[in-house]
Structures are given as C-alpha cells and as structure tokens.
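So you can see what is in the structure, the chains are spelled out below.
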Amino acid sequence: MDPHSRLSQFNHRTPKIGPFSPSVRFEPTPKVTLDKYTKTSSSSMPSDSPLFTTRPIATNSRVKQDEQFKKDMFLAYVNKAIREKLNGHSKDFDDLVDQFSPNKSTLAPTVPSLQLRIWLSALSHVLSRLERRHAPLVEAIVRLPWSTMDAVFVKSYIVFIGMLISARPEYLSLVLNRIAMGFTYQSGLLAVASNLEGSTPLTRRVIYDRQHALLEHLLNLVPTLPSSLAPLLVRNFPHKRQPQAAHVAYIRNLLRITEYCGELSERVLGLIVDRALMVDVEIQVELEELEDAEPTDDELFEFDPFDTIIGQEGDCSDDDEDVDDGLSDLSSDASSDSGTADTPADTRHIHDMVSKLDAILRLVFDHFNKLHSSIPTVLVHSSSSLHPKTTHERGPQSHEPHTLLAIQFHTLLAIFDRSILRTFKSRYTQFLLFWYASLHPEFSDLFLGLLVDKALFGSASASGVERAAASSYIGSFVSRAQFIDREGAQRAVKVLCAFLGAHLDAVEVGNAASNNHSVFYAVVQSVFLVFCFRWRDLQEELDEQEVGRKIWISELGVLQRVITSDLNPLKVCSQNVVHQFARIAQATDFTYCFSILEANKRAPYPVFAGVTPGSPGPQELHTFFPFDPFKLPRSSEYIQGVYREWATVAIGEEDDEEDEDEDDLIEEGPIVDDWDHEQGGSCIPITTSKRGESDDDGLGASFGGMSISPAHTRTAAMAVSAS
C-alpha cells in the first residue's frame, strides 16, 4: 500500500508538528476519576510480568509457626549439648553456658533478652535430665542479672526458676543465696553495670520488688524454705562498718520478708536486734558531746534510697567491705570489750554510729507501728500518731491484744532475755521493748514479771551480774514508764522490799553468805531510784479528813532497816542515786540519811557485814540505768509520749525545805562531778543549795536530761556473784 495514500493507517497518527486536525482539536478530554486511576494503575502491569513478585502476608499463624520452628531448633541444640556433655564432648555445652554468661567488660548479657527467653523455654523441657555435670549451666542462669531486664523476661525467669527448684531441689541453696545477695545495697551497683543499652532506668525499689516476687513464688512451692534461707540472711547482713544506707536497705528488705513469711519473724527480728546491739555498744558518750560534729549528707538531705535511680545516689565508700562475715563476726564483736584497734575513738566514727543506730531503730519502730496500727482495738491514738495512749484503762471497752501483737511481743521478750539483758553497755536498743510494753497493760506486766523472776528468783543459769542487771531494769522501767500506773509502781516496790527484808533476815540469822550481797545492793539501788521518781505514788490514798498528811505504804518501812544495816548500802550504791535519794527522802520527811553519809565519808574503811574491820569493803556498785533519756533524733518521736522526764516529777519549792546544817553537809560532801570524772561516767551535776536559794535546781539537775549510766565500761568488783 502506498504510504502516502489517504487510506493509510499512518494517517491516523497525531502529527508531531503543525495544527491539530479538527477531529482531534475539539475532541473532549475524558474525565479521569480516582477509581479509574486505581484500576488502571493496578492493571497496568500484567500478573505474568517477570518484574512483579508476589509477597506473602505475615499472618499470626505464620509468625507462630516461625517462633515454634525457632523453639524447636533451640530445643534440639539444648538436647544435643546436654547429651554430648555426658559423653565427654563439652563444646556445644560451653557455647550454651556462654549464652547466659555476662560480658566481663559490661556485666551485661551477651545476647538479647528475647533470645534468652527462648533459651529458658527450651531448657524448661530438659530440667529433669540435668545432672551434676551440668551445674555450670545452672550457675550461669542463677548469676544472670535478671532483675534489671524487661518485665516480660523477669516473669519468664521467675517461672523458670520455680520449675528448676521443683525438678532439681538441690539447687535451692544456690538460688536462695543469690536472692539474699539481691537484698543488699551492693546489688544495685551490679544493676548499674548490667543495665542494657536503651532500657528504662530502674530504682532500687523495682529491683527489690522483683527479688521479693521470686522469693514469694519459691515459698509457695517449697514450704521448708525458711530453714534454708535464715542462715543466708545472716551471712549477707552488712558489716557494722558499712554505711547507713547499706543497713537501711537490707533491714527494710528483711522486715518485708516477715510480712509474707511469718516463720522467719523471730529469727529476722533477733538478727536485727543483735546487730543493733553491736552498733549500740560503741556509743559510750553523751550525745551532747557530738553537737559540734558536722552533719552528714544523709542528715542534711533526707532521701529514700529505694526511690532513687540506681547510679545517681553517689558511690558507697565501703562497697569493698566483706559482708560475708556471718555469725563469727557477731560473736567476736559481742565478746570484745577492749577493742582498741577495732573501735576508733574519734568523734566522726561515733557520730556515724549514732546516726546508723537511729536509722535502724526507726525502721523497727515503724515496722511495729505498722502492725498495731492495723488493729484499732489495741492501739488508742493520742495527739501524736507515733505513740499509744499513755494510760491504760481496764474498762468494758478494752479488748485483748491481737494474736499477732502478742506473738511478736513474746518474740521480742525472748530476744531481750537472750541478748539485750546480757549486754551491759547497751543504751538505746532496749527501748524497743520499752515502747512495745506501752501498747497494752498485759505487755508491761509480762515484762516486769520476767525481770522480777530474773532478779529475785534467779534460776541456776542466771549469774549474779545478770540478776543485778535485771534489778536495774526494774528500777529504771518503773521510774521512767508513764504507762505504769500507781498500783503498778506500788506492786513493784512491794516485791523489791519483800526481797530486801528476807535478805536482811537471812543475814541476821547467819543463813546468808558473807560475800553474797551483790543482788541485794542492786535491788536497794533500784528502790532508791523508784522512790526519787515515784514517791508521790508510794503513799497511801487518804481520806478527806487526812489531806495534807503523808502515809507511806507499809512495805517501805524496810528501807529504815536497809539504810542502818551493817551492809551499808549508802556506801556501795551509786553515789549519784544515793545523794539524790537522801535529798528527796529528807524533803518528803521519809527518812534522814545525811548522818550516815557523813560517817561513811569520815571513816577510812566503813564497816560492812562479814568484812574484817580495817579492811576495804565492796567497791561501789556500777550497775547501769538502762532507760536513761532517749536522745536519738529520728526514733525519739516514738518514746516522747510514753517516757517520764525528771522535770515532770521534780520537787517544787513548796516541798523543798532544807536546813542549813544539811546544806553545809552537802557542801562538804563528796564532789559528784569529780567522782563521775574519776570513774569515767557521765557528769550528773548536783548543785549545792544555799540558804535563800531554791533547791529546785539541786534536786532536778541529777536526773534531768543527763544520763546516769556509766559512759565507759568499767567492771566493778562486786561483793559476790549471786545471792
């Protein structure tokens, strides 16, 4: 066909140049819609085009198939590694152990947590096949810093450990030891180093909560777990030289354990009290002497170490201390009295010990308060929520204490009998029992009953020193406890006076050993102390016609025999107490002691019963007064509402009328300040009174504010051991 013909097919093409043909120029442009565009674009490329590749849609079923395939591969590798290990080929097994071994440079796992979860899932199928030769794998899993990983892995890890202990109970001790270490302050430092890149910063509270979750899970699986956990908690307890934050963190975790594991309550509370005593015995100075010390950062800025982000609270100066001291450290420290090399006598060290003990006691007080605050029938709040009502009314509305409160008090009472009573240098730890006894009259009665049994009716196991200490507790407790009412004070004094009368009768008939009077002197000193504080309560209730007279209870009459006896207690008992008793007894018209004091002062060797004339008698009784004023700032809030201060019972001007002769005698008498300084005790100033001056200061200075316990340990030679 001719290409230039008008009928040629080439004539239908649009010319490249020149004017459009009329048919093309006026042809309407077709409207393109979105649907048409979509269809055209989707069908623009044929399905059989080699450039088009079909991609399968990733459905949930396919994802699960892939995960299951991966799990099957991991399980096959685990089975092979365990089997080859038993056959002597350990390459695959070592590679498996390396999956759970942290990187030595970062202490972080070498594999992601998602892959570790798959490994744990595979291992959960072969737990029953693990033998002793597979122990390195279990140890690597237990050492894994699991508490710092994501929440999904933590849940999987807790479930796996529960399955491991159920299948292989021999690994329980290994797991529990790791949990106990996780409760320490140092575990947070490991968390800092092992924290994975990109993970959320963690607080110590989160780390400890995960450790407690694992322990609770294991406790539900293994009922005998407490017996295995108790020695591990003792082993990981912080050393007394470690900082306050280390003790606070560990003790808070221990007290939390007792909330869901009641079997450990007695052991945990006993452990805390024992370690508090180790700190307490190093505080043998008056806190007023530490006022010039610079406060620590913890005192200037109070912060909860549980809520601080790990790594931002500063370094712990004593992190390198060995905390695995165990019971050997407790026994060695408790029995060490010299301690010149172990106890530096610098103010900074003592100030740290005071702050540390204050924090420990505050934690225990808070723990006790949390328990009894949940029982409104036992605790009757006063204006302050930190202490119970100071007086107990046995009315129809009163209820018996809750079983948990009673059990905990008996536990604390047993700890007191075992540890606190036998620690002569303790100054503040015994206030735990003082405050707890204020919760219910039954508690205070049981406490006094134990002390009376120990002091007056001591068993064969009770030594003379222990009986004398119990006597000191009786006098100090009755004197200082506001919750001991008038009847309670009279009952205690009557029992003590009955013992004194029986002992004097035995001396007169010759049935008492000549050197067997140490407990007698301790009881006399306690009666003197109670009289100074509670003399108003030791009088009989008078009728309206007898108002203004003073009629003492009949049992106090034995004190006249005691004072004038050949045992001469005014010479042996603490001179601070003796002089204060003499002043108050004279001011209240009870008795007059200054003539005997003057005779003791002038005689080079006063006469004692059973002592050869001209030879020295027994030395001064150095028993201590355990409930001296409580001056720890944080925990003192619990004591203020139940503690009797000397200022509230001091004799006023209307009751204090002394003669000039007595004033002269006091001026010429022994200088108490010099005696205290000489004996290494605390300064208890007794100011001499002049005519025309008020004796309020003289009567109040001895017991107000200042401690009357010896500041340093000095073993006094008592007459004999026990009566």
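We now turn to the structure provided with this report. (Residues numbered from 1 in each chain as written. Predicted model: local features only at pLDDT ≥ 70, side-chain atom pairs only at ≥ 80, totals over all residues. Heavy atoms only, no water.)

1. Quick look at the overall build of the chain
The criterion, for reference: Helix numbers and strand numbers start at the N terminus; a helix is a DSSP run of H or I with at least 4 residues, a strand a run of E with at least 2. Throughout, exposure labels follow a simple rule: accessible area from a 1.4 Å probe, protein chains only, divided by the maximum for the residue type, with under 20% read as buried, over 50% as exposed, and the rest as partly exposed. Two residues form a contact once any of their heavy atoms are found within 4.5 Å.
Broken down by element type, the chain carries 29 helices and 0 strands. Per-residue burial for the chain yields a buried fraction of 50% across its 723 residues. Sequence-distant contacts, at least 24 apart, represent 80% of the contacts inside the chain between residues at least 6 apart.

2. Some remarks on the environment of D589
Within the element layout of this structure, D589 appears in the loop between α25 (575-587) and α26 (594-602). In the structure, D589 is positioned 39 residues away from K550 in sequence and 8.5 Å away in space, judged by C-alpha atoms.

3. A word on the packing of aromatic side chains
The line we're drawing: The rule is short: rings of Phe, Tyr and Trp, with Trp giving its six-membered ring, pair when the centres are within 6.5 Å, and they are stacked under 30 degrees, edge-to-face over 60, tilted in between. The rule for a charge over a ring is simple: NZ of Lys or CZ of Arg within 6 Å of the ring centre, and within 35 degrees of the ring normal.
If you walk through the whole model with that rule in mind, you get 36 aromatic pairs. With centroids separated by 5.5 Å and ring planes inclined at 55 degrees, the aromatic side chains of F431 and F434 adopt a geometry described as tilted. Of this pair, F431 and F434 both sit in helix α18 (residues 431-437), 3 residues apart, roughly one helical turn. F434 carries the same exposure label as F431, and that label is buried. For the pair F533 and W646, a centre-to-centre distance of 5.1 Å together with 75 degrees between the ring planes defines the contact as edge-to-face. Here F533 is found in helix α22 (residues 518-534), whereas its partner W646 is found in the loop between α26 and α27 (660-668), with 113 residues between them in sequence. An aromatic cluster of three or more residues is present, and its members are F416, Y428, F431, F434, F447, Y473, F477, F483, F627, F630 and Y643. Positioned over the ring face of Y185 is R204, at 3.8 Å from the centre of the ring.

4. Concerning unusual backbone geometry
With phi around 50 degrees, N568 is a residue other than glycine that occupies positive phi space. The class for N568 is buried, based on a relative accessible area of 6%. In this model, D589 sits at a positive phi of 60 degrees, which is unusual for a non-glycine residue. On the accessibility criterion, D589 (66% relative accessible area) is exposed.

5. Comments concerning helix α4 (residues 91-100)
Which entries qualify depends on this criterion: Arc definition: it is the arc formed by the directions from the helix axis to the C-beta atoms.
Turning to α4, its buried residues number three or more, namely D92, F93, L96, V97, Q99 and F100. Each buried residue of α4 lies within a common arc of 145 degrees when the element is viewed along its axis, so the set occupies one face.

6. Describing the packing of α22 against α25
Put simply, the rule reads: To get an axis, fit a line to the C-alpha atoms, keeping to the stretch in contact for a helix; angles then go from 0 to 180 degrees between the N-to-C directions. Note on angle classes: values under 35 degrees are labelled roughly parallel, values over 145 roughly antiparallel, values of 65 to 115 roughly perpendicular, and the remainder oblique. Crossing handedness: left-handed means the near helix sits turned counterclockwise from the far one by under a right angle, and right-handed means the same turn made clockwise. Each residue is assigned to one of three groups, with Ala, Val, Leu, Ile, Met, Phe, Trp, Tyr, Cys and Pro labelled nonpolar, Asp, Glu, Lys and Arg labelled charged, and all others, Gly among them, labelled polar.
One can describe the packing of α22 onto α25 by two numbers: an axis separation of 9 Å at closest approach and a directional angle of 45 degrees. Here α22 lies oblique to α25, going by the angle between them. Here the hand of the crossing between α22 and α25 comes out left-handed. From α22, Q525, F528, L529, F531 and C532 reach across to α25, where they touch V577, Q580, F581, I584 and A585. For the contact of α22 with α25, a count of residues per class yields 8 nonpolar, 2 polar and no charged.

7. Overview of the nonpolar core
Condition: Nonpolar core, defined: a set of buried Ala, Val, Leu, Ile, Met, Phe, Trp, Tyr and Cys residues in which side-chain atoms within 4.5 Å join the residues together.
Judged by nonpolar contacts, the single largest core of 176 residues is most densely connected at F100, Y436, F447, F477, F531, L556 and F581. Leave out the neighbours within four places in its chain, and Y436 touches F368, L371, L405, Q408, F409, L412 and F443. In terms of nonpolar packing, the next biggest core, distinct from the first, is built from 6 residues, Y185, Y208, A246 and F306 among them.

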